[in-house]
Every structure is written in C-alpha cells, then in structure tokens.
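Here's the letter readout for the chains.
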Amino acid sequence: MEKSAAEKSLILIHYSEIGLKKGNRGYFEKKLASNIKKALKDVEIGELKRDYGRFLLYLNQDSPVELIVDRLKKVMGIAHFSLAYPGSANIDELKEQIFERIKTQDFSTFCVRTRRSDKQFPMTSPEINRIVGTRIHEELHKPVDLKNAELTCHIEIYNKQLFFYFDRQPGKRGLPVGASGRVVSLLSAGIDSPVSSYLIMKRGARVIFVHFHSFPMTNKASYHNAIKLAENLTQYQYQTLVYLMPLIPIQEKIILNAPMKLRLILYRRMMLRLAQMVARKERAGALVTGESLGQVASQTLENIVATSESVSMPIFRPLIGMDKEEIIELARKIDTFDVSTEPFDDCCSYMVPENPETKAKLREVRHAEEQLGGWKQILDEIFQQAEVVYLQFP
Ligand code: ATP
Ligand code: MG
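First, a word on what this report is: a plain description of the structure on this page.

Here is what the cut-offs are and how they apply
- Residue positions within a chain follow its written sequence, with the count starting from 1.
- The naming scheme follows written order: chains are lettered A onward, ligands numbered 1 onward.
- Since the coordinates come from a predicted model, pLDDT governs what is reported: local features require at least 70, and pairs of side-chain atoms require 80 or more to be given and counted, while whole-chain, interface and lining totals use all residues.
- Note: side-chain values were computed over all heavy atoms of the structure, leaving out hydrogens and water.
- Helix and strand definitions here come from DSSP, where helices need a minimum of 4 consecutive H or I residues and strands a minimum of 2 consecutive E residues; each element is numbered from the N-terminal end.
- Only protein chains enter the accessibility calculation, which uses a 1.4 Å probe; a residue whose area is less than 20% of its type maximum is buried, one above 50% is exposed, and one in between is partly exposed.
- Here, two residues are considered to be in contact whenever any of their heavy atoms come within 4.5 Å of each other.
- Each accessible area value is a Shrake-Rupley result obtained with a 1.4 Å probe; residue values ignore everything except the protein chains displayed when judging cover.
- Under the convention used here, Asp and Glu are negative, Lys and Arg are positive, and both His and the chain ends fall outside the count.
- Charge positions are represented by NZ for Lys, CZ for Arg, CG for Asp and CD for Glu.
- Any two cysteine sulfur atoms within 2.5 Å of one another count as a disulfide.
- Only strands that DSSP links by at least two bridges are regarded as paired with each other.
- To get an axis, fit a line to the C-alpha atoms, keeping to the stretch in contact for a helix; angles then go from 0 to 180 degrees between the N-to-C directions.
- When a carboxyl oxygen of Asp or Glu is within 4 Å of a side-chain nitrogen of Lys or Arg, the pair counts as a salt bridge.

Moving on: the overall build of the chain. What the chain contains, in helices and strands, is 13 helices and 14 strands. Each of the three principal axes of the chain carries a C-alpha extent, and together these read 85 × 35 × 35 Å. Taking all 394 residues of the chain together, the buried fraction comes to 55%. Contacts in the chain between residues far apart in sequence, at least 24 positions, make up 81% of those at least 6 positions apart. Looking at the chain as shown, the accessible area adds up to about 18500 Å², and 50% of this sits on carbon and sulfur atoms. Of the charged side chains in the chain, 55 are positive and 48 negative; the average position of the first set lies 6 Å away from that of the second.

Encoded structure:
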C-alpha cells in the first residue's frame, strides 16, 4: 500500500460472514470493532464506523498506514481490507479521480471491478468498468487483463456510498477473539501447543495459558520460552494471562508410588486437573491441548482416553488430525517455530522410562492413582503456588 496516501483516505474492512447467524451478528460486530480498536490502541487513527456489513476506519494525516496494515492483518475475523478513497457518484468525476490515483502506480496490466449493491445507482457494474477502464487504457496505453491483472481497481457502491481501492490485503478470517468465550490452553515450550492455541483463537476463543515446569529439577528454559510463545500469541488477543506452575511436587509423589510405565499418563492427568482448576477460577469453559492422534507414545487413542477421563471439562484438540509437517508449516507461518525448537527440558520427560505405556488401561491407571494417596492436597498446593504473568499487546 502507498505510504503517503493517508490523507483523505480510509480503510475499508470486510469481515467474513461465515458463522454469522442472524441473531448474533451485532454481538460479533461489536467484538470485532472492539478488537480493531485494541489492536490500534497506540496508533493515530480517526473514527471507526460500522457501515452495511463493513467497517470504515478513517485515517488522519499522521496515521502510519503500514503499521495499521500490519496490525489489521492479525485481527481475527477480518476477511480482507483495503486502503480506499471516497469517489464521486458522477461517473465523469469518478473516472478522473481514479485516473489521478492510478497514473502514479507501477503496473503493466489492469482491470476494473465494480460491486454495486446499491441498485439505485444509475449505471450497471459492467458499464462502470468499461467507462473507467477505457479512460485508463486510452491515456496510459496499458492492456486490460480480466484474469491476471497486475493491478485491480475495485469500485464498491452501496447505500449511496462509493469507494474505490487498488490493493486488497487478506485478513486472518475466522471469528473475533472473545466472541466464542474463554478456554485454558496447556502450553508447553514445544511446537504443537502454540499452534493449537492459535487455531482455537482463530475460532474466536480467548485463551488463558497454563505452563508446567519441573524447576528446580530441570532448568528454566521451558518457563521462559512458554512466556515468549504466549507473548507472540498475545498479538491476536491483546491481553493474556499465563499461569506457571511447578509440577515437581506431584511428580515426586508419582515417581515414588506408581508403576514406572504409568508415570507419563499420571503426569498428564494431573496437568489436566490443574488446568481445569485454572479454568474454573477464570470462568473458562474448556481445555485445549496440542495433541495429534498417534504422534507420540502419550498420544495413542488408548492414552488419550486414559488421560481425558481425569477431568469433566471438554478438551479441545485442534491438531488431532494434522500431520507433523502441517503443524510445522503453520508454526513457521505464525513465527513460533524458532522459539519452539530451542532446546528445553520438558517436564513430561522428567524421570519417564524410555518405553512408556502406549495402551494404558483405565482400570490400572485409576488403581495406580488410588495408591498415590493425598494427591488432591498436593494439587491444591501447586495451584496456590501458581505464578501468574500478565501480558499485553500493543
Ligand atoms: P508440544 O509440541 O505442544 O509440546 P508434544 O508433541 O511435545 O506437544 P506432548 O509432550 O505429548 O506432545 O504434549 C501433549 C500436549 O500436552 C501438549 O501439546 C500440551 O498441550 C500439553 N503439555 C505438554 N507438556 C506441557 C507443559 N510442560 N506445560 C503445559 N502443557 C503441556
Ligand atoms: Mg512437548
């Protein structure tokens, strides 16, 4: 987008209609408007107006267009947006306005596309395309290409308003964060859970993070990296709570009292229970993990069943059907991959045998847990000791 074009311009924001039922449209729009404002909290902007299924974000002379574009690209729920200019309803004036804007731009082929939802407008879309296109072609001698134009001039006419724009920026799509309620995500410092948290945010959930570490038995790398990952993901939800909890007290109990091959499953069940305690406190409705079916020993169907049973809240697993390659591709795209691949000591591998149980029987797991004794109190103590970090963006 042009940098100097802020003067007298605005950003025309379209949001996806997917998931929009008649009744909750207003709610969705309010959330989106509030998120757009939060994303631009520290930026000079004008008014944000809701207008017939779009948002008009007015810019001031000093508005930093590039920064605004970067921020809007990360607002969940936006389908696409463009730096746009108000145009005249008089076609002779309009074609000159467009010509003045287009003549300074660098392109070899072009086309004009009009979307006219205001049927009162005296001309049809093809007529407008032809008149504006002819004006550009005659003066600049550039050919029209309807399929693969280097530059597309969009004209949008609705409710007696007319805007034109050249550059369409793709949005994140999905639903505005917060529109679907709150969840608690179990965030390791690995590759998968940041991606699963991102995907659930994209469906409109506000995410509270929980990270478990085995400090002081292991180093604190996972702790710091989990915070870095949560910081990255805060770009999409503006405010974030991260709960950091030591798993060691309960791990020691398990190591001393349970069969070695069940350690990992028991750790997992305790992690889910602690996450559920956080969810209850924060009034969240579900838990989220980065599990993918069959990816590792702890993620066989049997083990997923044996761990899920420990909590009553639904557990969402956005990555359940994805391959590792697909997950890595997304991790690179959202820029969590590099932090996720820094070395760290994983609390789940603390004192875990090389060949943990892959087909855990619920009966055996329950029995082992009964033998532990006093674990509820330990979980309460861990929960009391949780460190809570508050992050915000911008
Ligand atoms: P990830 O890349 O997310 O660490 P993984 O492939 O290493 O996943 P596991 O170690 O089996 O898989 O972990 C499965 C899920 O359990 C993780 O995706 C995450 O949701 C949760 N989890 C694992 N370790 C932790 C931790 N230390 N703190 C919080 N959650 C964790
Ligand atoms: Mg892991």
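Continuing now.
With the rule as written, the count across this model stands at 0 disulfides. The thiol of Cys347 is unpaired, and the distance to the nearest cysteine sulfur, on Cys348, comes to 4.1 Å. The exposure class assigned to Cys347 is buried, which follows from its relative accessible area of 5%.

Turning next to the sheet that holds strand β12 (residues 286-288). The strand order across the open sheet built from 6 strands is β13-β12-β9-β10-β11-β14, with neighbouring strands paired in mixed fashion. Both outer strands of the open sheet, β13 (315-316) and β14 (387-392), are each paired with one neighbouring strand and no more. Pairing between strand β10 (residues 206-213) and strand β11 (residues 239-246): 5 bridges, direction parallel. Bridging from a neighbouring strand, His211 pairs with Leu244 of β11. Here helix α5 (residues 192-202) sits on the sheet in contact with β9 (182-186), β10, β12 and β13, set at roughly 165 degrees to β10.

Let's shift gears to the pattern of salt bridges. Taken as a whole and assessed by the stated rule, the structure comprises 18 salt bridges. Between Lys95 and Asp92 there is a salt bridge; the shortest N-O distance is 3.7 Å. Here the residue Lys95 and the residue Asp92 both occupy positions in helix α3 (residues 91-102), the gap between them amounting to 3 residues, near one helical turn. The salt bridge partner of Glu342 is Lys228, with a shortest N-O separation of 3.6 Å. Of this pair, Glu342 sits in the loop between α11 (337-340) and α12 (362-372) while Lys228 sits in helix α6 (residues 221-234), and the two are 114 residues apart along the sequence. Judged by its relative accessible area of 38%, Lys228 falls in the partly exposed class. One salt-bridge network, in which partners are shared between bridges, spans Arg269, Arg273, Glu309, Arg366 and Glu369.

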